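Geometric and topological summary
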Amino acid sequence: MIASQKYYHSLMIFATVLVASSFPVGAAIAGSLSPSVIMLLRFVCAAILFLPYVMFKKTLALPSGKRLLHYSLISLPLATFFWCMFESLKYTSALNTSALYTMVPGITALYMLLVNRETTGKARTLGLMLGTLGAIWIVFRGDYQAAMALDFNYGDLVFFIGCLVMAGYNFLVKKLYAGEPMELMTFWVLVSGAGWLLLASWGQIFTIEWQSIGNEVYLWILYLSFFSTLVTFFLQQMGIVKIGATNAVAYSFLTPAFALLLSILFGIGVFELAVLPGIVLVIVAMFIIQRT
């Protein structure tokens, strides 16, 4: 039992690295296409890439109307979150968005309390508070005057709205999972998410000069489709079901550290000593939550 728990926790760390990679990659291509079009391509590619696996597992089946509605409800916050992510990255940094993403565990716990009356222990509450404080520290680079004045830029505000919505995804996965094979749930969440994004981008996809888009943009979208969407969704949904929503999403506290490292490796970010206390806080917060 303990070994299996360690296995799922290890998968969550791997998923967090993949999530973190989407921030510098997203920053690199955010201005190439509109957020809704980028996400439409991302979800469609992910669903196509995942289809052979679902067929191999012999779990592919048309969902009932009720289950399709549930999958659509789960995918709506996902589609909205990623739209907010790509829109925000036009105006703010990958480090800022990854730091704000660490607020998702606290928001998820709040949703669980309000809807399910699921209380959070003192130690876990402390962890969530430290994680949120660390995220704010990173966003404002330790400038308490800017923090007190709530000096968020437009991109930060858009992404914060996305985080509020994303916490709803974590809650909905736990609430609406009906015991079906995880790959089947992942596939239909991707398909229904593509449906939402098709509606959002319908007026744009026919006016884009696709041949003028650089090949590197398509390669990065393919990367996001497979690693930061398909693999991540599958692992996160498994983690939420197996170890609980709060424990699974608590690993997002590691996102800023991974995002900063990857941004430096990609050559689009530099390390600022001012953010180090914030990174330490979110790492400590993650360990507190996992030990409670």
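Above this text you will find the structure in question.
Below, the structure is looked at part by part. (Residues numbered from 1 in each chain as written. Predicted model: local features only at pLDDT ≥ 70, side-chain atom pairs only at ≥ 80, totals over all residues. Heavy atoms only, no water.)

In the structure shown here, the tally under the stated rule is 18 aromatic pairs. Relative to Phe234, the ring of Tyr53 lies with its centre 6.5 Å away and its plane at 85°, an arrangement referred to as edge-to-face. Of this pair, Tyr53 sits in helix α2 (residues 35-56) while Phe234 sits in helix α10 (residues 215-243), and the two are 181 residues apart along the sequence. The exposure class assigned to Phe234 is buried, which follows from its relative accessible area of 17%. Between Tyr91 and Tyr154, the ring centres sit 4.9 Å apart and the planes meet at 90°, which makes this aromatic pair edge-to-face. Residue Tyr91 is located in the loop between α3 (65-88) and α4 (94-101), and its partner Tyr154 is located in helix α8 (residues 154-176); the two are separated by 63 residues in the primary sequence. (Phe/Tyr/Trp six-rings, centres within 6.5 Å; stacked < 30°, edge-to-face > 60°. Helix = DSSP H or I, 4+ residues; strand = E, 2+ residues; numbered from the N terminus. Buried < 20%, exposed > 50% of the residue type's maximum accessible area, 1.4 Å probe, protein only.)

Turning to helix α12 (residues 255-266), a few remarks are in order. Its 12 residues give α12 an end-to-end C-alpha distance of 16 Å, which sits within 8% of 16 Å, the value for a rise of 1.5 Å per residue. Among all positions in α12, only Thr255, Pro256, Ala259, Leu260, Leu262 and Ser263 are buried. Just downstream of α12 lies Gly267, where phi reads positive at about 80°. (Expected span 1.5 Å × (residues − 1).)

Two elements in contact, α4 and helix α6 (residues 122-140), have axes whose closest approach is 8 Å; the angle formed by their N-to-C orientations is 165°. Overall, the two elements α4 and α6 adopt an arrangement that is roughly antiparallel. Like other packed secondary-structure pairs, α4 and α6 cross with a definite hand, here left-handed. Two secondary-structure elements touch here, α4 through Leu95, Asn96, Ala99 and Leu100 and α6 through Ala135, Ile138 and Val139. Among the residues making up the contact of α4 with α6, the classes are represented as six nonpolar, one polar and no charged. (Axes fitted to C-alpha atoms, helices over the stretch in contact; angles between N-to-C directions. Parallel < 35°, antiparallel > 145°, perpendicular 65-115°, else oblique. Left-handed = near helix turned anticlockwise from the far one by under 90°. Contact = heavy atoms within 4.5 Å. Nonpolar A, V, L, I, M, F, W, Y, C, P; charged D, E, K, R; others polar.)

The next point concerns empty space enclosed by the protein. The tally for this structure, following the rule as stated, stands at two cavities of 30 Å³ or more. Space inside the largest cavity adds up to approximately 130 Å³. In terms of lining, the largest cavity is formed by 15 residues, of which the most central are Tyr101, Gln236, Ala248, Val249 and Ser252. Listing elements by their share of the lining of the largest cavity, those giving two or more residues are α1 (2-29), α8, α10 and α11 (245-250). When residues in the lining of the largest cavity are grouped by element, the largest group, four residues, is from α1. A breakdown of the residues in the lining of the largest cavity according to their chemical character gives 10 nonpolar, five polar and no charged. (1 Å grid on protein atoms, 1.4 Å probe; cavity = no way out; pocket = protein on both sides within 12 Å on 5 of 7 lines; lining within 4 Å. Points joined across faces, edges and corners; volume = space filled by probe spheres on them.)

The subject of this paragraph is α6. Under the 1.5 Å per step criterion, the end-to-end length of α6 is 27 Å for 19 residues, consistent within 8% with the ideal 27 Å. In the segment just after α6, Arg141 is the residue with positive phi, at about 55°.

What follows concerns the packing of α4 against α12. The geometry of α4 relative to α12 is characterised by a closest axis approach of 8 Å and an angle of 165° between their N-to-C directions. The angle between the axes of α4 and α12 places the two elements in the roughly antiparallel class. Between α4 and α12 lies a crossing whose hand is right-handed. Of α12, the residues touching α4 (which contributes Ala94, Leu95, Ser98, Ala99 and Tyr101) are Thr255, Pro256, Ala259, Leu260 and Ser263.

On the secondary structure map, Thr246 appears in helix α11. In this structure Thr246 comes out as buried when scored by relative accessible area, which is 6%. Residues Thr246 and Phe171 lie 75 residues apart in sequence; the distance between their C-alpha atoms is 9.3 Å. In this structure, Thr246 is in contact with Arg124 and Ile289, ignoring residues within four places of it in sequence.

In this section: the pattern of salt bridges. Under the definition given, this model contains two salt bridges. Between Arg67 and Glu180 there is a salt bridge, with its nearest N and O atoms 2.5 Å apart. Of this pair, Arg67 sits in helix α3 while Glu180 sits in the loop between α8 and α9 (182-201), and the two are 113 residues apart along the sequence. With relative accessibility at 15%, the residue Arg67 sits in the buried group. (Salt bridge = Lys/Arg side-chain N within 4 Å of Asp/Glu carboxyl O.)

On to the environment of Ser72, then. Along the chain, the position of Ser72 falls in helix α3. On the basis of relative accessible area, Ser72 is assigned to the buried category, the value being 16%. Residues Ser72 and Val189 lie 117 residues apart in sequence; the distance between their C-alpha atoms is 6.6 Å. Not counting the four nearest positions on each side in its chain, Ser72 is found in contact with Ser192 and Trp196. Of the polar contacts made by the side chain of Ser72, one reaches the backbone oxygen of Leu68; its length is 2.9 Å. (Polar contact = N/O pair within 3.5 Å; in protein donor to acceptor, adjacent residues only side chain to side chain.)

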